[in-house]
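One-letter residues, chain by chain:
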Amino acid sequence: MYILSNTLTGKILVRAVKLLHRFDYKDSLIVRKLFSKLSRMYKNINIFLSYGTVDMFNEIGIETTTYCNRRCSYCPNAIFERGLKKNEKLMKRELFEKLINDLARIKYKGIIYPYFYGEPLLDNRLADLMEYAHKKLPKAKIIVSTNGDFLDISMVNKLYLVGVRTFWITLH
């Protein structure tokens, strides 16, 4: 459920999770609220230990392309033409590097999502951009979320070699 470090906060959360498994927490609103509060507390402690404040984000989405090959009913790209190939906008590499350099300056250790509404695998520069991000932010976790239409073993290997360790594939 959680990847925990061998810290005091991790030990507290492990004990809380073990305790929660004694209950049928799907039926227990109180236990679910407790688990939610403990999870938030664990997250805030980790942020505080990393940055010296709890007033810090730990996830950032960077959309490098607006183009998407799908028109999902829940997505603005289904209504607006921003996601069409003819209207594709690519983030300038200089802007991407500035964002990553700014994150490196604060020693960012959170999660980077290279997408928003565009399909990241349609950006031919994705592997190069993720390699730059991984080199500048080795403690950050890069997660690629994709509709999976362009994901094959060679793409997985290419992105793995540049530091991407997690892929989320949406179900349609």
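Residues numbered from 1 in each chain as written. Predicted model: local features only at pLDDT ≥ 70, side-chain atom pairs only at ≥ 80, totals over all residues. Heavy atoms only, no water.

> Please explain the side chain of Thr 64 as it appears in this structure.
With respect to the helices, strands and loops of the structure, Thr 64 is situated in the loop between strand S1 (59–61) and helix H3 (93–105). Of the polar contacts made by the side chain of Thr 64, one reaches the side chain of Asp 123; its length is 2.7 Å. Discounting chain neighbours no more than four positions away, the residues touching Thr 64 are Lys 89, Leu 90, Met 91, Phe 96, Asp 123, Arg 125 and Leu 129. (Helix = DSSP H or I, 4+ residues; strand = E, 2+ residues; numbered from the N terminus. Polar contact = N/O pair within 3.5 Å; in protein donor to acceptor, adjacent residues only side chain to side chain. Contact = heavy atoms within 4.5 Å.)

> Hey, could you run me through the sheet that holds strand S3 (residues 141–146) in this one?
As a general point, the strands of a sheet are linked pairwise by backbone hydrogen bonds and lie either parallel or antiparallel. Spatial strand order, S1-S2-S3-S4: 4 strands in an open sheet with parallel pairing. The open sheet has two free edges, formed respectively by S1 and strand S4 (166–169), since each of these has just one partner strand. Recorded for the sheet is a direction-independent mean angle of 20 degrees between the axes of neighbouring strands. Sheet analysis places S3 next to S4, joined by 4 bridges and oriented parallel. Counterpart to Thr 146 in the pairing with S4 is Ile 169. (Pairing = 2+ DSSP bridges. Axes fitted to C-alpha atoms, helices over the stretch in contact; angles between N-to-C directions.)

> For this particular structure, what's the right way to read the nonpolar core?
In a soluble, globular protein the nonpolar side chains are often hidden away together inside. Counting 26 residues, the largest nonpolar core has Phe 96, Ile 100, Tyr 108, Ile 112, Met 130 and Leu 159 as its most contacted members. For this core, the secondary-structure elements that each account for two or more residues are helix H2 (29–51), H3, helix H4 (126–136), S3 and helix H5 (153–161). A total of 6 residues in this core trace back to one element, the largest contributor, which is H4. Non-local contacts of Tyr 108, meaning those with residues more than four positions away in its chain, are made with Tyr 51, Met 56, Phe 57, Asn 58, Glu 59, Ile 60, Leu 103, Leu 137 and Ala 140. (Core = buried A, V, L, I, M, F, W, Y, C linked by side-chain atoms within 4.5 Å. Buried < 20%, exposed > 50% of the residue type's maximum accessible area, 1.4 Å probe, protein only.)

> I tried to follow the packing of aromatic side chains on my own but got confused; where do I start?
Scanning the model with the defined rule gives 4 aromatic pairs in all. Between Tyr 113 and Tyr 115, the ring centres sit 5.6 Å apart and the planes meet at 75 degrees, which makes this aromatic pair edge-to-face. Connected via pairs of aromatic rings, a cluster forms that spans Tyr 113, Tyr 115 and Trp 168. Sitting over the ring of Tyr 160, Arg 165 keeps its end group 3.7 Å from the ring centre. (Phe/Tyr/Trp six-rings, centres within 6.5 Å; stacked < 30°, edge-to-face > 60°. Lys NZ or Arg CZ within 6 Å of the ring centre and 35° of its normal.)

> What am I meant to see in the side chain of Thr 166 here?
Mapped onto the elements of the fold, Thr 166 is located in strand S4. Contacts of Thr 166, omitting those with residues within four sequence positions, involve Lys 141, Ile 142, Ile 143 and Val 144.

> Looking at this structure, how should I read the layout of surface pockets?
Over the atoms, a rolling probe the size of a water molecule traces out where space has been left empty. Taken as a whole, the second largest pocket holds about 270 Å³ of empty space. Residue lining of the second largest pocket: 17 residues in total, with Cys 68, Tyr 74, Phe 116, Tyr 117 and Thr 170 positioned closest to the centre. Of the residues assigned to the lining of the second largest pocket, the class counts are 8 nonpolar, 7 polar and 2 charged. (1 Å grid on protein atoms, 1.4 Å probe; cavity = no way out; pocket = protein on both sides within 12 Å on 5 of 7 lines; lining within 4 Å. Points joined across faces, edges and corners; volume = space filled by probe spheres on them. Nonpolar A, V, L, I, M, F, W, Y, C, P; charged D, E, K, R; others polar.)

> Just to check I follow, could you spell out the pattern of salt bridges for this structure?
Two side chains bearing opposite charge may form a pair once their charged atoms approach each other closely. Counted by the stated rule, this structure contains 6 salt bridges. A salt bridge links Asp 102 to Arg 105; the shortest N-O distance between them is 2.2 Å. In this pair, Asp 102 and Arg 105 both sit in helix H3, 3 residues apart, roughly one turn of the helix. For Asp 102, a relative accessible area of 27% translates into the label partly exposed. Arg 125 is the partner of Asp 123 in a salt bridge, and the nearest nitrogen-oxygen pair spans 2.9 Å. Accessibility expressed as a relative area gives 3% for Asp 123, which makes it buried. One network of salt bridges, with partners in common, ties together Lys 98, Asp 102 and Arg 105. (Salt bridge = Lys/Arg side-chain N within 4 Å of Asp/Glu carboxyl O.)

Treat this as a map of the structure, not an account of what it does.
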